[in-house]
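A look at the structure
So the chains spell out like this:
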Amino acid sequence: MKIVIVGNGIASYNAALNILRTVDDCTIEVFSDESFSPYYRTRVLSLLSDTADEKDLAIKPEITDERYKLVRKHVNCIDPDNKLVYSDDGEAYEYDVLVLANGASALSLVLPGGKSKGIFTVRTVDDVYSLRAWLKDHCENTVVIGGGLLGIEAAYEIHCHTGKTVTVIETFPYLLPRQLDRDSAVYLQKRLEGMGLSILCGVRTSNFLYDHDECVSGVKCDDGFSIPASTIVESVGIRSNTFLAVDAGLKVSRGVVVDDYLMTSVEDIYAIGDVAETDGRVTGQVSAALDMAKVLASNIAGKKTAYRIASPSSMLKVAGLDVVSLGNVSTAGCDVIVREGDDNRCSYFIRDGLLSGAVLIGTRAQFVTVKANLNKELTAEVKAKLAL
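What comes next is a walk through the structure. Quantities reported herein were computed from a predicted structural model and do not represent experimental measurements.

**Describing the overall build of the protein chain**
- A tally of regular secondary structure across the protein chain gives 8 helices and 25 strands.
- Over its C-alpha atoms, taken along the principal directions, the protein chain stretches across nearly 65 × 60 × 35 Å.
- Counting over 388 residues, the protein chain shows a buried share of 51%.
- Carbon and sulfur atoms form 46% of the exposed surface of the protein chain, whose accessible area is close to 18300 Å².
- Here the protein chain holds 40 positive side-chain charges and 52 negative ones, and the gap between their average locations is 5 Å.

Shown next, in the form of structure tokens:
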């Protein structure tokens, strides 16, 4: 069986590993647009340091199985009827099974002034190198648009790299709205401001200002005030790379639509990771990509295995600070018990006597206990462990 995987990120890497372990009679060809080995995109901002190297980001161990081949070519199109993929040099490659794992691209705001020099998105190694080169002469006023995980990480890494205050603008009323409740986010914001970041929530960008050289000079917000900026980083979400699927006639919505078994609308073509849409959602989470890789390998091996989206779970490093979010952390219809120490804060969400979620900031100590007891009745033993 010849398996072709388009894309070379963490979804592709883990898919290949799992397939090689599960399917004996197979060969795998992985197509990559980038010249780098598979790497962790979540760590690319560390390359702002002049001493950092992309080799430090490489996903390990390197795949050395003789059945695996990395092809450093861009896939230009797919021919599902004849089971072929074409690279941009016109060469055709046959497949028995095709896996789309070509990820997503960073979104940019479509606003006046948005094409000015000095506005960046950060997703790839090359993106970070471009930003690093620009910051050498434009580090006085940096604004990051987006208060999600990657936006905060970008602001923190730029602050560490330049020694200058960096301003974060978030449209939502508080930071990390997908992972945190409001009170936890307020606590995190205070910690981040103590590290040298300036954070403005509930603020929407209306347009970008620029000078006579067409270099960005500021951000104008909806209520009329402006923020000076010689560098802007946009961290406003991702868009699945669906172009191959669209051209090939596959069903596409937000991402490439897959069924419970990660199969697309065309037989023998699967999609996983940030390009895949399951139950109307593109998760954009590493944990989901890892789960999909396992399910994919099982299905290619002939073991019918359904993929199920796991309960929300995030274990993050935000500006060097542990931030753990588990389960349902909405405050609606539940009791919230907070335990705060000198350098940490733990919030537990109780619904109908069940532990429905938790947010841990500055500590991971209770992670195992919370995860093991999520959506279960709180026993006296668990209450004692969580100091409830």
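**A word on the pattern of salt bridges**
- Under the definition given, this model contains 13 salt bridges.
- Here Glu-29 and Lys-2 are joined by a salt bridge, their closest N and O atoms 3.2 Å apart. Of this pair, Glu-29 sits in strand S2 (residues 27–31) while Lys-2 is found in strand S1 (residues 2–6), placing the two residues 27 residues apart along the sequence.
- The residue Arg-364 makes a salt bridge to Asp-322 at a minimum N-O spacing of 2.8 Å. With Arg-364 in the loop between strand S25 (354–361) and helix H7 (367–372) and Asp-322 in strand S22 (residues 321–327), this pair connects stretches of sequence that are 42 residues apart.
- The exposure class assigned to Arg-364 is partly exposed, which follows from its relative accessible area of 35%.
- Residues participating in the shared-partner salt-bridge network are Lys-73, Asp-89 and Glu-91.

**Some details on the packing of aromatic side chains**
- As enumerated under the stated definition, the model contains 3 aromatic pairs in all.
- Ring geometry for Phe-172 and Tyr-174: centres 5.1 Å apart, planes at 85°, overall edge-to-face.
- A cation over an aromatic ring shows up here: Lys-304 above the ring of Tyr-261, its NZ or CZ 4.4 Å from the ring centre.

**Structural notes on the sheet that holds strand S4 (residues 75–79)**
- Strand order in this open sheet of 3 strands is S4-S5-S6, and the pairing throughout is antiparallel. A strand with exactly one partner marks an edge of an open sheet, and here the two such strands are S4 and strand S6 (92–94). Between one strand and the next, the sheet's axes are offset by a mean angle of 25°, whatever the strand orientation.
- Note that S4 and strand S5 (residues 84–87) share 4 bridges and pair antiparallel. Residue pairing for S5: Val-75 is matched across the bridge by Ser-87.

**Some words on the sheet that holds strand S9 (residues 119–121)**
- Taken in spatial order, the 5 strands line up as S9-S16-S10-S11-S12 in an open sheet, and their pairing is parallel. The outermost strands of the open sheet, each flanked by one partner alone, are S9 and strand S12 (197–201). Strand-to-strand twist across the sheet, computed as the mean angle between neighbouring axes with direction ignored, equals 20°.

**Concerning the nonpolar core**
- Counting residues in each nonpolar core, the largest one holds 54 residues, and the members touching the most others are Ile-5, Ile-19, Ile-28 and Leu-100.
- Residues within four places of Leu-100 in sequence aside, it is in contact with Val-6, Ile-78, Ala-245, Leu-250, Val-256, Ile-269, Tyr-270, Ala-271, Ile-272 and Val-275.

**Describing the environment of Trp-134**
- Among the secondary structure elements, Trp-134 is positioned in helix H2 (residues 125–135).
- Between the C-alpha atom of Trp-134 and that of Ala-289, which follows or precedes it by 155 residues, the distance is 33 Å.
- Excluding residues within four positions of it along the chain, Trp-134 makes contact with Lys-117, Gly-118, Phe-120, Cys-215, Ser-230 and Thr-231.
- A distance of 3.1 Å separates the side chain of Trp-134 from the backbone oxygen of Ser-230, its partner in a polar contact.

**Topic: the pairing of S5**
- Hairpin connection between S4 and S5: a loop of 4 residues separates the two successive antiparallel strands, and Lys-83 in this loop has a positive phi of roughly 55°.
- Relative to S6, S5 runs antiparallel, the two being bridged by 3 bridges. The residue of S6 that forms the bridge with Val-85 is Tyr-93.
- A loop of 4 residues connects S5 with S6, the two strands running antiparallel in sequence, and Gly-90 in this loop sits at a positive phi of about 90°.

**Some words on the pairing of strand S10 (residues 142–145)**
- Covered by surrounding structure in S10 are Thr-142 and Val-144 together with Val-143 and Ile-145, the residues of both alternating faces.
- Here S10 pairs with strand S11 (residues 166–170) via 4 bridges, running parallel. If you follow Thr-142 over to S11, its bridge partner there is Val-166.
- Alignment of S10 against strand S16 (residues 231–234), held across 4 bridges, turns out to be parallel. From the neighbouring strand, Thr-142 faces S16, where its bridge partner is Thr-231.

**Considering helix H1 (residues 10–22)**
- Between its first and last C-alpha, H1 extends 18 Å over 13 residues, near the 18 Å set by a 1.5 Å rise per residue.
- For H1, the buried fraction is high: 11 of the 13 residues fall into the buried class.
- Among the residues of H1, Ile-10, Ala-11, Ser-12, Tyr-13, Asn-14, Ala-15, Ala-16, Leu-17, Asn-18, Ile-19 and Leu-20 are the ones counted as buried.
- On its buried side, H1 packs onto S1, S2, strand S3 (68–71) and helix H6 (286–300).

**Some details on the packing of H1 against H6**
- The interhelical angle for the contact between H1 and H6, taken along N-to-C directions, is 30°, at an axis separation of 8 Å. Classified by the angle between their axes, H1 and H6 sit roughly parallel to one another. Crossing angle aside, the handedness with which H1 passes H6 is right-handed. Judged by residue contacts, Ile-10, Ala-11, Asn-14, Ala-15, Asn-18, Ile-19 and Thr-22 of H1 engage Val-286, Ala-289, Leu-290, Ala-293, Lys-294, Leu-296, Ala-297 and Ile-300 from H6.
- Grouping the constituent residues of the contact of H1 with H6 by class yields 11 nonpolar, 3 polar and 1 charged.

What counts, and at which threshold
- Residues numbered from 1 in each chain as written.
- Predicted model: local features only at pLDDT ≥ 70, side-chain atom pairs only at ≥ 80, totals over all residues.
- Heavy atoms only, no water.
- Helix = DSSP H or I, 4+ residues; strand = E, 2+ residues; numbered from the N terminus.
- Buried < 20%, exposed > 50% of the residue type's maximum accessible area, 1.4 Å probe, protein only.
- Areas by Shrake-Rupley, 256 points an atom, 1.4 Å probe, with all protein chains shown as cover.
- Lys, Arg positive; Asp, Glu negative; His and termini not counted.
- Charge placed at Lys NZ, Arg CZ, Asp CG, Glu CD.
- Salt bridge = Lys/Arg side-chain N within 4 Å of Asp/Glu carboxyl O.
- Phe/Tyr/Trp six-rings, centres within 6.5 Å; stacked < 30°, edge-to-face > 60°.
- Lys NZ or Arg CZ within 6 Å of the ring centre and 35° of its normal.
- Pairing = 2+ DSSP bridges.
- Axes fitted to C-alpha atoms, helices over the stretch in contact; angles between N-to-C directions.
- Core = buried A, V, L, I, M, F, W, Y, C linked by side-chain atoms within 4.5 Å.
- Contact = heavy atoms within 4.5 Å.
- Polar contact = N/O pair within 3.5 Å; in protein donor to acceptor, adjacent residues only side chain to side chain.
- Expected span 1.5 Å × (residues − 1).
- Parallel < 35°, antiparallel > 145°, perpendicular 65-115°, else oblique.
- Left-handed = near helix turned anticlockwise from the far one by under 90°.
- Nonpolar A, V, L, I, M, F, W, Y, C, P; charged D, E, K, R; others polar.

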